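# Close look at the chain arrangement
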Amino acid sequence: MGDRAPLPGTREAPPRERIWQAEIIERAIEGILTVATGGRILTINPAAERLLGVRREDVIGESFERFVPVRYREIHRRHVEAFLDSGLRAREMSSRTPVAVLRPDGSEFLAEISLVRITVEGQDAVGCIIRDISEWRRATQQLQLQARLLEQSRAAAVAFDEHGRVSYWNGAAERLYGRSREEALGKTIVELGFVDLPEPVGREIRRTIQASGEWEGDLQLRRGDHQDRIVRVTMAPVFDDEGNLVGAVSHGFDVTEQRQAASMLHAQATLLRQIASTGGLEGGLHALCELVEEHFPDVRCTVHLMEPGGERLRLAAGYRMRPPDASPDSTPGARAALSGKPVAVDDFRVAENYEPIRERLIEGGRLASMSIPVFVHGQSRGAVTLSFDRPGPPGEREQRLLETVAQLVQVAIEQDMASSARIEAQLFESVAALAAGIAHDFNNLVTSIVGNAALARMEVPPGSQAEQVLRDIELAGLRAGELAHQLLAYSGRGARHIRPQQLNTLVKEMTRLLRVSLKPGVELKLRLGSEVPPVNGDATQLRQVIMNLVLNASEAVGNAAGIVRVSTGKMEADARYLRRCRLGEQCNPGTYAYVEVRDTGAGMDQATQQRIFEPYFTTKFAGRGLGLAAVFGIVRSHGGAIALRSKPGEGTAIRILLPALEAAPPEAREARTSSGD
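It should be emphasised that the depicted structure is a prediction, and the values quoted were computed from it without experimental measurement.

On to the overall build of the chain, then. Scanning the chain from terminus to terminus reveals 20 helices and 24 strands. Counting every position in the chain, which comprises 677 residues, the buried fraction comes to 43%. For the chain, the proportion of contacts with a sequence separation of at least 24, taken over those separated by at least 6, is 59%. Total accessible area on the chain is roughly 36,000 Å²; 52% of this is exposed by carbon and sulfur atoms.

Following this line, the structure appears as C-alpha cells:
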C-alpha cells in the first residue's frame with residue numbers, strides 16, 4: 001500500500017466511541033489489523049497475534065505484505081488498490097476464493113479477509129479482519145466428497161429423521177426404488193408404498209433401532225412394472241452429540257439374482273434327489289415346477305417331453321395349458337419342441353393358431369407365454385414353457401428364468417438317461433452271463449448228441465430209415481450248435497482271435513456270400529473308402545457282424561425291389577457324436593474305422609429303435625431275433641459303438657465304429673468298387 005490522499009467516507013470517531021471500539025477489537029475472536037494506506041501495520045489485536053504467530057512489538061510498523069506469500073503479492077496489491085479506488089466502505093477480498101496467509105515460520109493457512117475503511121489517530125487506514133477457514137474448508141470438502149461418494153454409490157442410501165421421514169435419497173435409491181428424490185423427501189416408507197413391509201417386520205425394525213442396534217433383512221420390492229425385486233436392507237440409528245436418537249440411515253442392495261441363483265441351485269439338488277429316488281424324472285420335474293412357481297408367483301411353469309416316436313409330446317409336469325380334448329401339439333411348448341426354436345406368444349386373446357386352448361388360458365389368467373426347446377445330445381427332447389398373467393413380450397428376468405429352468409430340465413433328462421443306461425448295462429451283464437452259461441452247457445450237450453448220433457449211424461445199415469433219422473439228429477445238433485455260438489457272441493465271451501483286420505478286405509472276401517444271401521429283388525452295392533485304418537478284432541466275429549447286418553437289411557426291404565449298400569470309411573468321432581451312439585459311453589473321442597449297412601426298407605419308429613438290439617426282440621412274424629443282439633455283443637466286446645439312423649418310410653442305416661489302430665500304417669489305397677452303382 002503506497003501513500004495516497006485521504007480516504008473518502010472516513011471520519012474520526014469521538015473519544016468515548018474510540019474507547020469501546022478499541023475494547024471490542026481487543027476482545028474479538030477474529031484477527032484484526034489496521035494498516036496504513038502505505039501498507040504499514042498500525043495495530044494488531046491478540047487474536048491476530050495468535051493467528052499469525054507473532055508478537056505485537058515485532059510487527060507494528062512492518063509491512064503487511066510479510067504475511068502475503070510471494071506468489072500472491074502482486075495480486076494482493078492490485079486487489080487493495082482496486083478497493084481503495086472503488087469508493088466502497090467495505091469489501092471481502094476472498095468472497096469467492098480463499099486467500100493464503102503466510103506465517104513467519106513459513107507455514108500457510110487459508111483465510112477469508114474483509115477490508116474496511118477507517119481512520120486511526122487522524123490517519124486514513126484500512127482495517128483487515130482475518131478468519132482462518134482451513135478447518136472449515138477441509139470439513140466442507142469432506143462433506144462434499146461424502147455427498148459425491150453417496151451419489152456415486154451403487155447402494156441405495158436413504159436417511160430418515162426422528163419421525164421416519166426421508167431426509168436424504170441418493171441416485172441409486174431413485175434407480176432401485178423407482179421414486180425420484182423430489183417424490184421421496186419428506187415421506188415415510190409406508191407413504192411411498194414401494195416395499196412390502198408387514199407390520200411385524202416394521203415393529204422389529206423400530207425396536208432394533210430404538211435399542212441402538214442395526215437391523216438387516218430382505219424386503220420384497222414392488223416396482224409396479226412387473227419387475228418385482230428382492231432388496232437386502234441394512235438400517236442403523238443416528239445420534240447427535242448428546243446421544244439423542246435423531247434418525248436412521250439405510251443401505252439397500254438388489255439381491256434378486258443371487259436369491260434366484262440360490263433357489264435354482266436348490267432346485268437342481270432337489271431335482272437330482274427326486275430323480276434318484278422313486279419319484280423318477282417326472283417327479284423331479286413336478287418338484288422343479290412347484291419351486292419355480294413358489295419363488296415367482298406371477299409365473300406358471302409347464303414341461304413337455306417328447307414321446308418315444310419323436311413326433312408328439314406329452315405333459316410331463318406343471319401347469320396344464322390345454323383342455324383334455326385338445327391335442328398336446330396345440331401348445332406353444334409343443335411348437336417349440338417340434339421346431340427346435342423358441343416360441344413367444346404376446347397375447348393369447350388375439351394370437352392365431354391357439355383357438356383350441358385359448359378359452360382355457362384366458363379363464364386361468366394366462367395371457368402370454370414363452371417356450372424354448374430342451375436339447376439333449378443334439379436332439380430336441382421336449383420344451384419348457386413359462387406363462388404369465390399379463391400380455392406383452394417377456395422381459396429380461398423372464399428370459400433368464402426360462403433359460404435356467406430349461407438347463408435344469410436338460411440336466412434332469414441327462415441324469416435320467418444316464419441312470420437308464422446304467423440299468424441297461426447291468427441288465428445286459430446279467431443276461432450276457434446267463435446266455436454264456438446256457439450256451440456253454442448247451443454246446444456240451446449238443447456235442448454229446450452229435451457225437452453219439454455219428455457213432456450210432458456207423459452201426460446201422462447204409463440207406464436204412466434208422467440212418468436217415470440219425471442224420472437228421474446230427475443236422476439238428478449242428479444247427480443248435482450255431483444257436484449256442486450266437487448266444488456266446490451276444491455275451492461277448494466266445495473264443496476270439498484278436499489280430500489287426502482290414503474292413504475292406506473282410507467285405508471283399510464276403511461279397512459273393514452276401515449277394516447270394518439277399519432276398520430276390522434286393523441289390524447289393526459297395527462303397528469302400530480309401531485309406532480305411534486297420535482295427536483290432538476277430539475276423540470270424542466281424543464277418544458275422546457284417547453278415548447279420550446285411551441279412552437284417554435285406555429283411556427290412558422285404559419282397560419289394562430295393563438296395564442294400566455296404567460302406568466303409570474313416571471318421572473322427574467327438575464326445576458329442578459318441579453320446580448319441582449305442583455303447584458310446586465306453587468309447588473315447590478319436591479316430592474310428594467304420595462299416596455301415598444302409599437299406600431302402602420301411603424304416604423304424606423310435607420305439608422299435610430302442611429295442612432292436614435286445615435278444616429275441618423281432619419285428620418279423622417268425623425268427624430267433626438274435627442277429628442284431630449278437631452284433632451288439634460283438635461290437636461291445638471289441639470296444640466299439642453303434643450309430644443308428646432310421647425314420648419310418650426312409651430306410652435304416654446302422655454304422656459300426658471300431659477304434660482305429662493308430663500305430664499301424666494306413667491301408668493301401670484301394671479303388672472304390674461297386675455293383676451297378
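Still more to cover.
Overall, antiparallel pairing links the 6 strands, which are arranged β8-β7-β12-β11-β10-β9 in an open sheet. Single-partner strands in this sheet number two, and they are β8 (166-169) and β9 (195-196). Both strand β11 (residues 229-239) and strand β12 (residues 245-254) contribute to a ladder of 9 bridges, which runs antiparallel. Paired with arginine 232 across the bridge in β12 is phenylalanine 253. Contacts between helix α9 (residues 199-210) and the sheet are confined to β10 (215-221), β11 and β12, with β10 contributing the most and set at about 150° to the helix.

The tally for this structure, following the rule as stated, stands at 3 aromatic pairs. Where phenylalanine 348 meets tyrosine 354, the ring centres are 5.6 Å apart and the plane angle is 90°; that geometry is what we call edge-to-face. Residue class for phenylalanine 348 comes out buried when judged on its relative accessible area of 0%. The lysine or arginine in question, arginine 335, covers the ring of tyrosine 354, its NZ or CZ lying 4.9 Å from the ring centre.

Side chains that are nonpolar tend, in soluble globular proteins, to be buried together. Of all hydrophobic cores here, the largest spans 40 residues; its most connected members are Ile546, Leu549, Val550, Val564, Val566, Ile642 and Ile656. Breaking this core down by element, the ones donating at least two residues are α16 (503-517), β19 (522-527), α17 (539-557), β21 (562-573), β22 (590-599), α20 (627-637), β23 (641-646) and β24 (652-659). Among the elements that take part in this core, α17 stands out by supplying 9 residues, more than any other. The contacts of isoleucine 656, once residues within four sequence positions are left out, are Val545, Leu549, Ala593, Tyr594, Val595, Val631, Val635, Ala641 and Ile642.

Right, let's talk about the sheet that holds strand β14 (residues 313-318) for a bit. Strand order in the open sheet made by the 5 strands is β14-β13-β17-β16-β15, with antiparallel pairing throughout. With partners counted over all chains shown, the strands left at the sheet margins are β14 and β15 (343-345), one partner each. Taken pair by pair, the neighbouring strands of this sheet meet at an average axis angle of 20°, ignoring direction. Relative to strand β17 (residues 379-388), strand β13 (residues 299-306) is paired through 7 bridges, and the arrangement is antiparallel. Note on β17: the bridge partner recorded for leucine 305 is glycine 382. On the sheet, helix α11 (residues 280-295) packs against β13 and β14 and is oriented at approximately 160° with respect to β13.

So, about the pairing of strand β6 (residues 123-132). In the sheet, strand β1 (residues 31-36) pairs with β6 via 6 bridges, with the strands oriented antiparallel. Note that in β6 the partner of threonine 34 across the bridge is glycine 127. Where strand β5 (residues 108-120) meets β6, 10 bridges bridge the pair, whose relative direction is antiparallel. Across the sheet, the residue bridging to leucine 115 is cysteine 128, located in β6. What sits between the antiparallel neighbours β5 and β6 is a turn of 2 residues, in which glutamate 121 has the positive phi angle 55°.

Let us look at the pairing of β24. Burial analysis of β24 places 7 of its 8 residues in the buried class, which makes it a mostly covered element. Strand direction decides the pairing type here: β23 and β24, joined by 6 bridges, are antiparallel. When the sheet's bridge partners are listed, serine 646 is paired in β24 with threonine 652. In this antiparallel pair of consecutive strands, β23 and β24, the connection spans 5 residues, and glycine 649 shows a positive phi of 85°.

Our next topic: the environment of aspartate 538. Here aspartate 538 shows up in strand β20 (residues 535-538). For aspartate 538, a relative accessible area of 3% corresponds to the buried category. A sequence separation of 41 residues divides aspartate 538 from histidine 497, and the C-alpha atoms of the two residues are 5.1 Å apart.

As a further point, take helix α4 (residues 73-86). Under the 1.5 Å per step criterion, the end-to-end length of α4 is 20 Å for 14 residues, consistent within 8% with the ideal 20 Å. Turning to α4, its buried residues number three or more, namely His76, His79, Val80, Phe83 and Leu84. The arc that holds the buried residues of α4, viewed along the axis, is 130°, so those residues lie on one side. Structurally, α4 contributes buried residues whose contacts are with β3 (90-92), β5 and β6. Looking one or two residues past α4, glycine 87 carries a phi angle of roughly 80°, positive in sign.

Quick look at α11 now. Its 16 residues give α11 an end-to-end C-alpha distance of 23 Å, which sits within 8% of 22 Å, the value for a rise of 1.5 Å per residue. Of the residues making up α11, those classed as buried are Gly280, Leu281, Gly283, Gly284, Leu285, Ala287, Leu288, Cys289, Leu291 and Val292.

To continue, consider the confidence of the model for the chain. The predicted coordinates of low-pLDDT regions are not to be read in fine detail. Chain-level pLDDT for the chain is 77 on average; 78% of the residues reach the 70-or-more range. Across residues 621-625 the pLDDT falls below 50, and counting only partners more than four positions away or on other chains, this stretch makes 9 contacts in the model. Scored below 50 in pLDDT, residues 663-677 makes 29 contacts in the model with residues more than four places away or belonging to other chains.

Below, the discussion takes up unusual backbone geometry. Located in the positive-phi region is asparagine 353, a residue other than glycine, with phi close to 70°. Inspection of the secondary structure puts asparagine 353 in the loop between β15 and α13 (355-363). Unlike most non-glycine residues, glutamate 531 shows phi in positive territory, near 55°. Mapped onto the secondary structure, glutamate 531 falls in the loop between β19 and β20. Owing to a relative accessible area of 43%, glutamate 531 belongs among the partly exposed residues under this scheme.

Thresholds applied
Every residue gets a number counted from 1 within its own chain, in the order that chain's sequence is written. Where totals are concerned, whole chains, interfaces and linings use all residues; where local detail is concerned, this predicted model gives features only for residues with pLDDT of at least 70, and gives and counts side-chain atom pairs only at 80 or more. To obtain the side-chain values, all non-hydrogen atoms of the structure were used and water was disregarded. Helix numbers and strand numbers start at the N terminus; a helix is a DSSP run of H or I with at least 4 residues, a strand a run of E with at least 2. Buried means the residue's accessible area, taken with a 1.4 Å probe over protein chains only, is under 20% of the maximum for its type, while exposed means over 50%, and partly exposed covers the values in between. Whether two residues are in contact is decided by their heavy atoms: any pair within 4.5 Å suffices. What sets the accessible areas is the Shrake-Rupley method with a 1.4 Å probe; for residues, cover comes only from the shown protein chains. Any two strands with at least two DSSP bridges between them are considered paired. Comment: axis = line fitted to C-alpha atoms, over the contacting stretch for helices; angle = value between 0 and 180 degrees taken between N-to-C directions. Each pair of aromatic rings taken from Phe, Tyr and Trp, with Trp reduced to its six-membered ring, is defined by centres within 6.5 Å and is described as stacked if the planes are under 30 degrees apart, edge-to-face if over 60, and tilted in the remaining cases. In our convention, an over-ring charge means Lys NZ or Arg CZ found within 6 Å of a ring centre and within 35 degrees of that ring's normal. Within this scheme, the nonpolar core is defined by two criteria: the residues are buried Ala, Val, Leu, Ile, Met, Phe, Trp, Tyr or Cys, and they are joined through side-chain atoms within 4.5 Å. The span you would expect from a helix comes to 1.5 Å times its residue count less one. Arc definition: it is the arc formed by the directions from the helix axis to the C-beta atoms. pLDDT runs from 0 to 100 and stands for how confident the predictor is about each residue.

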